[in-house]
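# Structure assessment
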Amino acid sequence: MAIISYLTESGEERIVRPNTPLPVEVRNNELDTLLVATTSVTTDANRDLLGSTSTELPTLDGCGRYRKLVWFYFRAGADSTTYRVLARATDHNGAPLGAGWQLLATGTLPGEANSWGRIEIPATTDGYYDQYRIEVQRTSGDSNYNLTSKIVGVR
Amino acid sequence: MQPKVCLVLNNLSAFNRAWTQILRNLGIDYTLCIATGGGASSSIQTPQGVFSPSSPDLRGYFRQFDAVILCDNTNNLTQPSLINYSVFWLSWNAPEDPAFLFFNPHFSAAITDSGYNSNFPSDFPIVRPNPSDIAGTLYAADGGSAGSFNPLVAALTGGRGACVLFLAENIRAHVMTVCNTHTNNIPYYWRLDTAKHSTLASTTYTHRVARNGRAGEILAVPAPPTSSEDTETYPADCVVAYRYRNIFWLPHAMHRRQDVADDRNPYLFWLLYGLQAAGVRPRYKLPVQLETDHPLQVESTGAPFNHAITTQMGVLEASWDWMRDFARRKNTAIVNGLVVGTKYRMTNAAYHWNLLYSTSRTQAERDAAMRVHQILVAGHREGTTPCGVHDHTIGTNGYWGGSTAAGFVRHSGMRYGAPNDVPIARGRCCVAPHVLPAGVAGADAQTVQVGDTELVEWDIPTSGTGTTFDLPMGSIHAARIIIESEIEEMLALGFPDGYCAGHRYTNTASNNSGGECYWQALKEFGFRGVRSASACNRNLNTKRVAPNRYWNGFHLVQEMPLDIYNATNADFSWGLFHPSAPSGGDAVRYLNLDHSNDISSGWTTNPALAWRAYRRVLCMATGRWLATTAVSLGGAYFHPIHCLMPASPSRVLDRFDGWNILNAANQPHYNHAVELLENMDAIVRLLPEYLYWGTITDVMDHRERVMG
């Protein structure tokens, strides 16, 4: 005796059998929002998007499943700002394989005051790093400004 | 009916995401509408089109909502426009119209916009603030002193105090309250036009939000003092919250800033109050719960209190007995991170195990400590004061606080204790089982799973049969040894488990939850979640928790300290205020509440200042707690003995009464536990549709419900 059935769109009751399985909708959930943060961009060296200057501390952890990260940002100020993207792998316990980081990218953060930006991490090839550290440092001007970031992970 | 509100704002670049985070946590649907400017002629952009603010189309659009919320506010009374477009809505008072919630509204007399002024209701009973005549149109609040910054931006410190009387409910509560402010950084309350109010209060009005069936209702006023010492009083026409027909005129709820949703929003009581008053019935109530760290410990016997150890235990015993009873009455559970590890790894006689059993303590001290301990054990078993492991003895800072715990001492027996020879670090070789060639793995190979990753490890360093060794902390093997030793100590102390009974949760030491290997090991021992900082292994600082604070079904609950002292500079709190306290050693200075030195400058000569300090401390701490409850669904906590030393040993449970009850340092007595819980209880009683006394299990259940 069939114990599971479902109604089709036409209202017909259909018994679940190997050749008439339950209808399922397949969705590819390939994107995850990983971070939304507002950072006061200062002249501090090694200050990451979460405001930490502790150089071993990752901004994002547990990212091994992501082929690429996409960093969207909105910068409220125009002062010249450098950024660094660092990455490294951990073992299965979550411990970094060693101290320090691999430098993936560095440069001047594009954009003027009240402008948007988008940076792919890594810029080419695939990532799959477990941890990333993203640092910003203002190199001109007298006033800190807010940088609001969103980072999505692409599987 | 699904609860649904409309948020109106002018500029997303100054939009605080806490608005929507709170609504999501409450299960209230929301729609954002953007005003094209601040003037009365601005348009309102809605998902169904762009409407004139005075148009019937907009009015019809608004009628699908339970409430319309004005999000924008300012600290500048001279500003000519901000929410001028909303003036038309003050006259949309039919029963079909929604409630309108104005928080810290800008309705200054400096607004020159004729569209605003000509449509402002002539019978509106609150005097419009005039920046040229502030003293004649507003009441300076909370002592009237200027802060060093805009009071609207107060986040974790720097709050302004208010004891508010809610008239219909007849409840007094301390909630951070600023009705309006100005560039002088002084908070103000409103002045009522009593003639207009009298007319409204006697006018029949029908709307679902008009509880008394009248067109005007004073909702809340500054509470009158309960002591003759407290001379901070307000005139009879001073109000802090008012209902004009279906329009709610409420204090500041959320600062305008482009920021992520977080728990730096101590004013949000007024949002919850406004939503409830507007009849917005949320799908979910929010569970309120409190945690403590180090429920049994002692502090210095020196200045300023010079409390003997037995005296300290007496303060704790009375306070814990009261807290246990409170939890029983309110159906909540005060969960506690109980310091473990001292049975094996630390001889400091200040901590739990050694307080009970160390011969460096006198019999009287041990007996006094045992009385506190027995309350905790009994409370654990009945569900009122459940305790879990909290270990400061590994490294210096909880789980994975260093790369190696030198001279680590493990427990005896059980699976990972001496003399069992067990793994202590990751294997030299680790290969996934599905790609491991046959015959490669060493004889000591074992399968290790951490999260989704399963590896076969071999060449694994082991402990040997000894008790003491250097323990590398970054592996699941270390985590298992550490956690099992902690649970063994809890069992030896008489607790049936190490994870707060059925809650399967604990407060990690220093909020260090370690990393994946510790979370996996905790899951193996039955834990469902722990409290954790984002940077979860200070001082090593190599790990962060995921932003959603959820790892393979394991909760990493955000922390919020409610302590009243700076642990960097002081061993314990010196009270609400103490002239000789070390930097940050008292509540006022730790929480940055001494605005314009209006507490410190007259502390010894003006008894009213003790009441001012009391109000500000309680408002700030409760505001933090409420924000944690509503925004981050986190865990707020304090350290009992560190915060209870300022209580009078002979009148531990007495409520604050200024200089009428002194503590051992001849300063005003203050019991942080009693005051904090009772104030939050007043708020829970005020907001029965929105809050309830719950447990950490309720918090974790709710996280799973709304995290989606």
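Scroll up a little and you will see the structure.
Presented here is an overview of the structure given in this document. Numbering of residues starts from 1 in each chain and follows the order in which that chain's sequence is written. By the order in which they are written, chains take letters starting at A while ligands take numbers starting at 1. The predicted origin of the model limits local features to residues at a pLDDT of at least 70 and limits the giving and counting of side-chain atom pairs to 80 or more, whereas totals for whole chains, interfaces and linings rest on all residues. Remark: hydrogens and water are excluded; side-chain values derive from all non-hydrogen atoms of the structure.

## Looking at the overall build of chain A
Counting secondary structure elements, chain A contains zero helices and nine strands. Listed by position from the N terminus, the elements making up chain A come as β-β-β-β-β-β-β-β-β. All radius of gyration figures rest on C-alpha atoms, and the globule criterion is 2.2 Å times the number of residues raised to 0.38. In terms of overall size, chain A is more extended than a compact globule, its C-alpha atoms giving a radius of gyration of 22 Å where 155 residues would be expected to give roughly 15 Å. In terms of overall dimensions, chain A has C-alpha extents of about 75 × 40 × 25 Å along its principal axes. In chain A, buried positions account for 42% of the 155 residues. Working rule for contacts: check all heavy atoms of both residues, and any pair within 4.5 Å makes them a contact. Considering only residue pairs separated by 6 or more positions, chain A has 76% of its internal contacts joining residues 24 or more positions apart. Of the roughly 8200 Å² of accessible surface on chain A, a fraction of 49% belongs to carbon and sulfur atoms. Here chain A holds 15 positive side-chain charges and 18 negative ones, and the gap between their average locations is 1 Å. Helix and strand labels come from DSSP, where a helix needs a run of H or I of at least four residues and a strand needs a run of E of at least two; each type is numbered from the N terminus. The buried label goes to any residue with under 20% of its type's maximum accessible area, the exposed label to any with over 50%, and the partly exposed label to all in between, with areas taken from a 1.4 Å probe on protein chains only. Residue-level accessible areas treat just the shown protein chains as cover; the underlying method is Shrake-Rupley with a 1.4 Å probe. For the purpose of charge, His is not counted, nor are the chain termini; Lys and Arg are scored as positive and Asp and Glu as negative. Charge placement uses NZ in Lys and CZ in Arg. For Asp and Glu, CG and CD serve respectively.

## Overview of the overall build of chain B
The helix and strand tally for chain B stands at 16 helices and 31 strands. Across its three principal axes, chain B shows a C-alpha extent of roughly 90 × 65 × 40 Å. Counting all 708 residues of chain B, 64% fall into the buried class. In chain B, the share of contacts with a sequence separation of at least 24, taken over all contacts with a separation of at least 6, comes to 74%.

## A closer look at the sheet that holds strand S25 (residues 505-507) of chain B
All names here are of chain B. With respect to topology, four strands assemble into an open sheet ordered S25-S26-S28-S27, the strand pairing being mixed. Each of the sheet's edge strands pairs with one partner strand only, and the pair in question is S25 and strand S27 (550-551). For two strands to count as paired, DSSP must find a minimum of two bridges between them. Two strands pair when backbone bridges link them, and strand S26 (residues 529-531) and strand S28 (residues 554-557) are joined in this way by three bridges, in the parallel orientation. By the bridge assignment, Gly 529 is partnered in S28 with His 555. Against the sheet, helix H16 (residues 696-707) engages S25, S26, S27 and S28, with an angle of about 105° to S28. Under this scheme, a helix contributes an axis fitted over its contacting stretch, all axes are lines through C-alpha atoms, and angles between N-to-C directions fall in the 0 to 180 degree range.

## Quick notes on the packing of aromatic side chains
Both the distance between ring centres and the angle between the ring planes are used here to describe each pair of aromatic rings. All names here are of chain B. Here is the rule: rings of Phe, Tyr and Trp (six-membered ring for Trp) pair when centre to centre is within 6.5 Å. Planes less than 30 degrees apart are stacked, more than 60 are edge-to-face, and the remainder are tilted. Under the definition given, this model contains 46 aromatic pairs over all chains. Among the aromatic residues, those joined into a ring-pair cluster are Phe 51, Tyr 61, Phe 62, Phe 65, Tyr 85, Trp 89, Trp 92 and Phe 100. In this structure, Arg 128 packs its charged tip against the face of Phe 120, placed 4.8 Å from the ring centre. Lysine and arginine charges are scored as sitting over a ring when NZ or CZ, respectively, is within 6 Å of the ring centre and within 35 degrees of the ring normal.

## Some words on the interface of chain A and chain B
Counting residues at the interface gives 25 residues for chain A, matched by 23 residues for chain B. Between chain A and chain B lies a buried interface of about 1800 Å² when both sides are counted; carbon and sulfur atoms form 52% of it. Here, a salt bridge means any Lys or Arg side-chain nitrogen found within 4 Å of an Asp or Glu carboxyl oxygen. Along the contact surface separating chain A from chain B lie two salt bridges. In terms of residue class, the side of chain A that touches chain B is built from ten nonpolar, ten polar and five charged. Buried surface area refers to the total accessible area, computed with a probe of radius 1.4 Å, that the two partners give up upon joining, counted for both partners together. Amino acid classes used here: Ala, Val, Leu, Ile, Met, Phe, Trp, Tyr, Cys and Pro are nonpolar; Asp, Glu, Lys and Arg are charged; the rest, including Gly, are polar.

## Things to note about the side chain of Asp 130 of chain A
With respect to the element layout, Asp 130 of chain A can be found in the loop between strand S7 (115-121) and strand S8 (131-138). No salt bridge is formed by the buried Asp 130 of chain A, whose closest oppositely charged neighbour, Lys 543 of chain B, lies at an N-O distance of 7.8 Å. Between N or O atoms, a polar contact is any pair within 3.5 Å; within protein, one atom must be a potential hydrogen donor and the other a potential acceptor, and residues adjacent in sequence are included only when both atoms are from side chains. Separated by 2.8 Å, the side chain of Asp 130 of chain A and the backbone nitrogen of Thr 90 of chain A make a polar contact. Discounting chain neighbours no more than four positions away, the residues touching Asp 130 of chain A are Leu 60, Asp 61, Gly 62, Cys 63, Gly 64, Arg 88, Ala 89 and Thr 90 of chain A.

## Some thoughts on helix H10 (residues 476-492) of chain B
All names here are of chain B. Every helix has an expected span of 1.5 Å times one less than the residues it contains. End to end, H10 covers 24 Å across 17 residues, agreeing with the expected 24 Å (1.5 Å per residue, within 8%). Along H10, 15 of the 17 residues are buried, which leaves the element largely enclosed by surrounding structure. Positioned one or two residues after H10, Gly 494 has a phi angle of 105°, which is positive.

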